[in-house]
Amino acid sequence: MTTPGPLRALPATHGSLARGVTSPVPGTVFALALTGGMTLGPGDGRELIFGRNRPEVHVCLGEDDARVSRRHGKLTHRDGRWWVTSTGRLPLRCPARLLFTGEEPLPLATGYTPLFVRGSGHREHLLEVFVTGPEDAPPPPRPGDVTRPPRVWLLTEDEKLALVVLGQRYLRHEPRPQPLTWRQTAEHLAELRPGAGWREKRVEHLVNRVRTTLSRDGVPYLTREEVGEPVGNALNDHLIRALMTSTTLVPPDLTLIDPP
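Residues numbered from 1 in each chain as written. Predicted model: local features only at pLDDT ≥ 70, side-chain atom pairs only at ≥ 80, totals over all residues. Heavy atoms only, no water.

**Student:** Hey, could you run me through the side chain of Thr39 in this one?
**Tutor:** By the element assignment, Thr39 lies in strand β3 (residues 36–40). Looking at Thr39, the relative accessible area reads 5%, which means it is buried. One polar contact links the side chain of Thr39 to the main-chain carbonyl oxygen of Val29, over a distance of 3.0 Å. Apart from the residues within four sequence positions on either side, Thr39 is in contact with Pro6, Leu7, Arg8, Leu10, Thr28, Val29 and Phe30. (Helix = DSSP H or I, 4+ residues; strand = E, 2+ residues; numbered from the N terminus. Buried < 20%, exposed > 50% of the residue type's maximum accessible area, 1.4 Å probe, protein only. Polar contact = N/O pair within 3.5 Å; in protein donor to acceptor, adjacent residues only side chain to side chain. Contact = heavy atoms within 4.5 Å.)

**Student:** Even after reading the chapter, I still don't get the sheet that holds strand β10 (residues 106–107), so can you show me in this structure?
**Tutor:** Adjacent strands of a sheet pair through backbone hydrogen bonds, lying either parallel or antiparallel. The 5 strands are arranged β5-β4-β6-β7-β10 in an open sheet whose pairing can be described as mixed. In this open sheet, the two strands that pair with only one neighbour each are β5 (59–60) and β10. Direction of pairing for strand β6 (residues 73–78) relative to strand β7 (residues 81–86): antiparallel, over a ladder of 6 bridges. Considered in β7, the bridge of Arg78 is made with Arg81. (Pairing = 2+ DSSP bridges.)

**Student:** Quick question: what am I supposed to make of the nonpolar core here?
**Tutor:** Where a protein is soluble and globular, its nonpolar side chains tend to be buried together. Within the largest apolar cluster, 30 residues are counted, with the highest numbers of intra-cluster contacts made by Leu163, Leu189, Trp198, Leu214, Leu239 and Leu249. Of all the secondary structure elements, the ones that give two or more residues to this core are α1 (157–166), α2 (168–171), α3 (182–192), α4 (200–216) and α6 (234–245). Ranked by the residues each element gives to this core, the list is headed by α1, at 6 residues. Residues contacting Leu249, with those up to four places away along its chain left out, are Leu155, Lys160, Leu163, Val164, Leu171, Leu243 and Met244. (Core = buried A, V, L, I, M, F, W, Y, C linked by side-chain atoms within 4.5 Å.)

**Student:** Help me understand the environment of Ser16 in this model?
**Tutor:** Its place among the elements puts Ser16 in the loop between β1 (8–10) and β2 (29–33). As a C-alpha pair, Ser16 and Trp82 span 66 residues in sequence and 20 Å in three-dimensional space. The residues contacting Ser16, other than those within four sequence positions of it, are Tyr112, Glu128, Val250 and Pro252. Within the local environment of Ser16, its side chain forms a polar contact with the backbone nitrogen of Ala18, the two atoms lying 3.0 Å apart. Looking at Ser16, its side chain comes within polar contact range of the side chain of Glu128, at 2.7 Å.

**Student:** Any chance you could explain the pairing of β7 here in plain terms?
**Tutor:** Residues in a regular strand point their side chains to alternate faces of the sheet. Burial analysis of β7 places 5 of its 6 residues in the buried class, which makes it a mostly covered element. In this structure, the hairpin formed by β6 and β7 is closed by a connection of 2 residues, where Asp79 is found at a positive phi of approximately 55°. In the sheet, β7 pairs with β10 via 2 bridges, with the strands oriented antiparallel. Its bridge partner being in β10, Val84 is matched across the sheet by Leu106.

**Student:** Where do I start with the pattern of salt bridges in this structure?
**Tutor:** A side chain with one charge can pair with a side chain of the opposite charge if their charged atoms come near. Under the defined criterion, the tally for this structure stands at 15 salt bridges. Here Glu103 and Arg97 are joined by a salt bridge, their closest N and O atoms 2.5 Å apart. For Glu103, a relative accessible area of 33% puts it in the partly exposed group. Across the pair Asp158 and Arg202 runs a salt bridge, and its minimum N-O distance is 2.8 Å. (Salt bridge = Lys/Arg side-chain N within 4 Å of Asp/Glu carboxyl O.)

So yeah, pure geometry; function would need other evidence.
Right, here's the structure in full:
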């Protein structure tokens, strides 16, 4: 039996955990913020603390934002799984609900989980968490199989920026998200890049170009014929979800639009 490894640092350049991780020990947790993170093998009582006060936490989150608590939360291993607990003044936003201080910890599912803390102004601080495969039923070894990475589409700088603005509610994992309108997206882009000529028609053209590319590559429900009338926001909704499922867009891309 493999002994769980010690606490190990993850550099800020590690890359999004949404694209997957590897570990020889099932049940290993990875936690990553904008400035770096940590990974730790399973074991009852083990914990990773995250928050604003770098000397007192394992993963520093929102170091320059006083709305984030010094010790805002922790990941704890017990009963064969990892749990997240909120200890800050503001709640943690999990994919399914808000988690407040004093509430029972939430169990983390195997795989990727983004956690958000609302900061000052419009800022949101992301903690990416990934728990590797279940300890009680590890998948069989397949050393000869060819690795099948997700299909990631290449986007231009303008396309990616426009899509992150358009789909920011999805990237923040807000409940029942909807795409921004063309007008809202253009206004937000004009605030981010004044003088760059962002208009509604330009945004619509860029997004439709990406949608056409994905549709030609076999991604379903990206045309009016497939969706049916009334279309509403369905085409952009399916597009954003397809880009996130393929990890072409991931929550850390929000750094493109967060204010300094």
